[in-house]
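Next come the chains, spelled out residue by residue.
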Amino acid sequence: MKLRIVLYALLAIAAILLPLVAPPIVNNMILRIGSLVMLAISWNLAANAGLISLGHSAFWGLGSYAALLVANKLGWPFFASLVPAMIVGAVSAAAIAVITGRLKGIFFAIAMLALSEGLRVVAVMTPDFTGGGAGVFVDQALRPTTETVAMVTALCAVACAAIAYLISLTPFHYACRAMRNNESASEMLGINPLRFRIAVLSLSGAMASLAGGVNIWYSGFLDPMIGFDLHVTILAQIAPILGGIHTLAGPIIGAFATIGLSEATRTLLGEQGVSLLVYGLILVFSILYMPKGIVGTWNTWVQYRSRGAVGAKVGTTKAAPL
Amino acid sequence: MSLFWQCIVDSLLLGGLYSLMSIGLSLGFGVTRIINFAHGEMIMFGAYGAYFASVLLGVDPLLSLPLVSIVVAVTAAVLFKALIEKVLNAPHINQILLLFGLSLALQNVAAILWTGDARSVATPYSLTAYEFDLLLVPHGRIIAFIVAAILIVALFCWLRFSELGRATRAVAENGQAATLMGINVSRMYMLSFGINAALGAATGAISSFLLTITPFMGFHMLVKAFAIVVLGGLGSVAGTIIGAFALAFAETWVSYYVPEGNGWAEGVAFIVLLFVLIIRPKGILGQAVAVH
């Protein structure tokens, strides 16, 4: 176990330092995968507590706009701008948690969908503040090098994964799981669902906003269609579903797999519509035939193998920790 | 003063279209307890069906409407059997994500087949209007309203008087009791999903000469339909109609009386939705629908 953690830590450090030596195309991949890892972990955290978000682009967009506005209007540099990005994400997520109150499932999903669409309309309609539909560029003088942005993305992704891991060690994790399975029962055990919902959603919102905030420094341009893009919402849910929902490794593996698939379809088939079509089909088929994702399917297979080799040791086979 | 009356007339006409747009979604939820995230795509396919019937065959959208609705309904029933039926008893997250994925796939099938170009159907009545003093009432909107009203009345009659309609209501009320009464519940699910799709396609056919048709038109209409259904009360068909007119009034009012209102009107649905969720989550006529 110890060895495993050391191995993961080494991998993480390698990922953070890789941008220093990598060519631009690799940095681009690090950026995309790192951002998606953050989004996926963030989405999965909310899903762990039974909150299915269909509007993660809301947090992403809020984070992007927060980082962009403090940079352009107040002259804040790269690192400083990420703090308001996270705060905006966390606060708006907490507000959504309070607003949706006891409503879970469908209502929460619809509320998030409406939130991200509504924010897009607001961003278009307030051009004095956000630059409106025409969009705005980040102040060029403040922009760090691509290597720096890629390193910070990798660092943030690792931090999100570490936070998700630490949470999985605490009772918080079990409280969320209890809420997901049966909220009334969890209440009887002394869990205050509202408080947990606020906590988990704030954390989730902060992570997604951080991803958006970092990304804006790489692309250098933002308009409402980019900020509150449905694409972000779709990616944020596909990665954990494909990798393995409600697991630790799932969102990370899913992020790599999703970006890999998107690159493969783009080089093989070209058109933009095709990759979105593939995403849609992945969602449908994952839910129908692989609802536990890559990680879940792998675990089942490993258990099946070990059982087959040693004989019927059903009683002693423990569920894998991941 | 004429602006006021114009606003009233426009809201009423828009309300008819919105009622038809969301009533299928509401009925489908009432029976299957699944929110059809692909409802917008039913509308979109209906609109494309009417468009191609008009362009290739020269058939008026009003004439092609029944055929288009039937084709979309049958396709939807097949999709229901093949995909959605498998998640009827699965956790909510699976249902939501499956339908979301289906919606995404359908949208992009349309985008690949027919490109993202905006289209619209030109009919003799789409550019003409009645004029009373300063009041302008476009013919196309009146026709759309009448068609919507006929279909909604037909739906109500079907639900109230026909054998299948009563069975549908029985399933919506209590699926297990309906099974004990000898109703084939899974067939009723498929039927109500098909009707839900047919109503969506009919909405698409009549919007084909009112709005621009794109592969992505469904998503915006879906979010509006959500706002209407939640406002009226999930699962209440009568509440849906009240919700539709309420949203139509709110949107028209904003676009007439708020500066730069046309842009803000697009956001009204989301604000309504969030407010309803805060103040009265069960909507105007919400029955005691179990909140999952």
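Bear in mind that the values here come from a model prediction, so they are computed numbers and not experimental data.

## Some remarks on the pairing of strand β1 (residues 129–132) of chain B
Residue and element names in this part refer to chain B.
At step 1: Where β1 lies against strand β2 (residues 135–138), 4 bridges are found, and the strand directions are antiparallel. Paired with A129 across the strands is P138, a residue of β2.
At step 2: Once β1 ends, the chain turns through 2 residues before running back antiparallel as β2, passing D133 with a positive phi of about 50 degrees.

## Overview of the interface of chain A and chain B
At step 1: Of the residues lining the interface, 40 residues belong to chain A; the matching set on chain B comes to 39 residues.
At step 2: Across the chain A to chain B interface the summed buried area is about 3700 Å²; carbon plus sulfur atoms make up 87%.
At step 3: Contact with chain B buries area across many residues of chain A, yet I106, F107 and M125 of chain A alone supply 18% of it, more than any other trio.
At step 4: Counting across the interface, chain A meets chain B through 0 salt bridges.
At step 5: Of all the secondary structure elements, the ones that give two or more residues to the side of chain A that touches chain B are α2 (24–48), α5 (105–125), α12 (230–243) and α14 (272–289) of chain A.
At step 6: The element that contributes the greatest number of residues to the side of chain A that touches chain B is α5 of chain A, accounting for 15 residues.
At step 7: Grouping the amino acids of the side of chain A that touches chain B by side-chain chemistry returns 31 nonpolar, 6 polar and 3 charged.

## Concerning helix α6 (residues 163–173) of chain B
Residues and elements named next belong to chain B.
At step 1: Looking at α6, one finds that the buried residues are G165, A167, T168 and V171. For α6, the angular spread of buried residues about the axis comes to 160 degrees, placing them on one side. Along α6, the residues that are exposed and aim more than 90 degrees away from the buried face are E163 and E173.

## Things to note about the packing of aromatic side chains
All names here are of chain B.
At step 1: With the rule as written, the count across this model stands at 20 aromatic pairs over all chains.
At step 2: Note on F37 and F226: the rings are 5.2 Å apart at their centroids and 70 degrees apart in plane angle, and the pair reads as edge-to-face. Note that F37 is positioned in the loop between α1 (2–32) and α2 (39–56) and F226 in helix α9 (residues 217–232), a separation of 189 residues in sequence.
At step 3: By relative accessible area, F37 is classed as buried at 1%.
At step 4: A network of ring pairs unites the aromatic residues F4, W5, F249, W253 and Y257 as a single cluster.

## What about the side chain of N44 of chain A?
Residues and elements named next belong to chain A.
At step 1: With respect to the element layout, N44 can be found in helix α2.
At step 2: By relative accessible area, which is 4% here, N44 ends up buried.
At step 3: Apart from residues no more than four positions distant in its own chain, N44 is found in contact with P240, I245, H246, T247 and P251.

## With respect to the packing of α12 of chain A against helix α4 (residues 92–114) of chain B
At step 1: At a closest axis distance of 12 Å, the pairing of α12 of chain A and α4 of chain B adopts a crossing angle of 130 degrees. Here α12 of chain A is positioned oblique relative to α4 of chain B, judged by the angle of their axes. Between α12 of chain A and α4 of chain B the crossing geometry is left-handed. Mapping the contact onto sequence places L230, I234, Q237 and I241 of chain A in α12 of chain A and L97, F100 and L104 of chain B in α4 of chain B.
At step 2: Split by residue class, the contact of α12 of chain A with α4 of chain B holds 6 nonpolar, 1 polar and no charged.

## What to know about the confidence of the model for chain A
Residues and elements named next belong to chain A.
At step 1: Considering every residue of chain A, the mean pLDDT works out to 86; 93% of them sit at 70 or more.
At step 2: Taking the mean pLDDT of every element in chain A, the minimum, 75, falls on helix α9 (residues 183–188) and the maximum, 94, on helix α3 (residues 56–74).
At step 3: Ignoring residues within four places in sequence, the model shows residues 311–322, a span with pLDDT below 50, making 15 contacts including any to other chains.

## Quick notes on a nonpolar patch on the surface
All names here are of chain A.
At step 1: The grouping of V6, L10, I13, L17, L18, L20 and V21 at the surface amounts to a nonpolar patch, some 670 Å² of accessible area in total.
At step 2: Within the secondary structure layout, L10 lies in helix α1 (residues 2–21).
At step 3: For L10, a relative accessible area of 54% puts it in the exposed group.

## Quick notes on the packing of α3 of chain A against helix α10 (residues 193–219) of chain A
Residue and element names in this part refer to chain A.
At step 1: Here α3 crosses α10 at 50 degrees, and the two axes come no closer than 7 Å. The orientation of α3 relative to α10 falls into the category oblique. Between α3 and α10 the crossing geometry is right-handed. Across from H56, F59, W60, G63, S64, A67, L68 and A71 in α3, the residues of α10 making contact are S204, G205, A208, S209, A211, G212, G213, N215, I216 and W217.
At step 2: Classifying every residue of the contact of α3 with α10 gives 9 nonpolar, 9 polar and no charged.

## Structural notes on the nonpolar core
At step 1: Counting 164 residues, the largest nonpolar core has W43 of chain A together with F37 and I84 of chain B as the members making the most contacts within it.
At step 2: Sorting elements by how many residues they give to this core places α5 of chain A first, with 14 residues.
At step 3: If sequence neighbours within four positions are ignored, F37 of chain B has contacts with L54 and L113 of chain A together with I96, L99, F100, S103, L222 and F226 of chain B.
At step 4: Counting 20 residues, the second largest nonpolar core, distinct from the first, contains I23, L27, V147 and A148 of chain B.

Rules used in this analysis
- Residues numbered from 1 in each chain as written.
- Chains lettered and ligands numbered in written order.
- Predicted model: local features only at pLDDT ≥ 70, side-chain atom pairs only at ≥ 80, totals over all residues.
- Heavy atoms only, no water.
- Pairing = 2+ DSSP bridges.
- Helix = DSSP H or I, 4+ residues; strand = E, 2+ residues; numbered from the N terminus.
- Contact = heavy atoms within 4.5 Å.
- Buried area = accessible area lost by both parts, 1.4 Å probe.
- Salt bridge = Lys/Arg side-chain N within 4 Å of Asp/Glu carboxyl O.
- Nonpolar A, V, L, I, M, F, W, Y, C, P; charged D, E, K, R; others polar.
- Buried < 20%, exposed > 50% of the residue type's maximum accessible area, 1.4 Å probe, protein only.
- Arc of directions from axis to C-beta.
- Phe/Tyr/Trp six-rings, centres within 6.5 Å; stacked < 30°, edge-to-face > 60°.
- Axes fitted to C-alpha atoms, helices over the stretch in contact; angles between N-to-C directions.
- Parallel < 35°, antiparallel > 145°, perpendicular 65-115°, else oblique.
- Left-handed = near helix turned anticlockwise from the far one by under 90°.
- pLDDT = per-residue confidence, 0-100.
- Patch = residues over 30% accessible without salt bridge, like charges linked within 9 Å, V, L, I, M, F, W, Y side chains within 5 Å.
- Areas by Shrake-Rupley, 256 points an atom, 1.4 Å probe, with all protein chains shown as cover.
- Core = buried A, V, L, I, M, F, W, Y, C linked by side-chain atoms within 4.5 Å.

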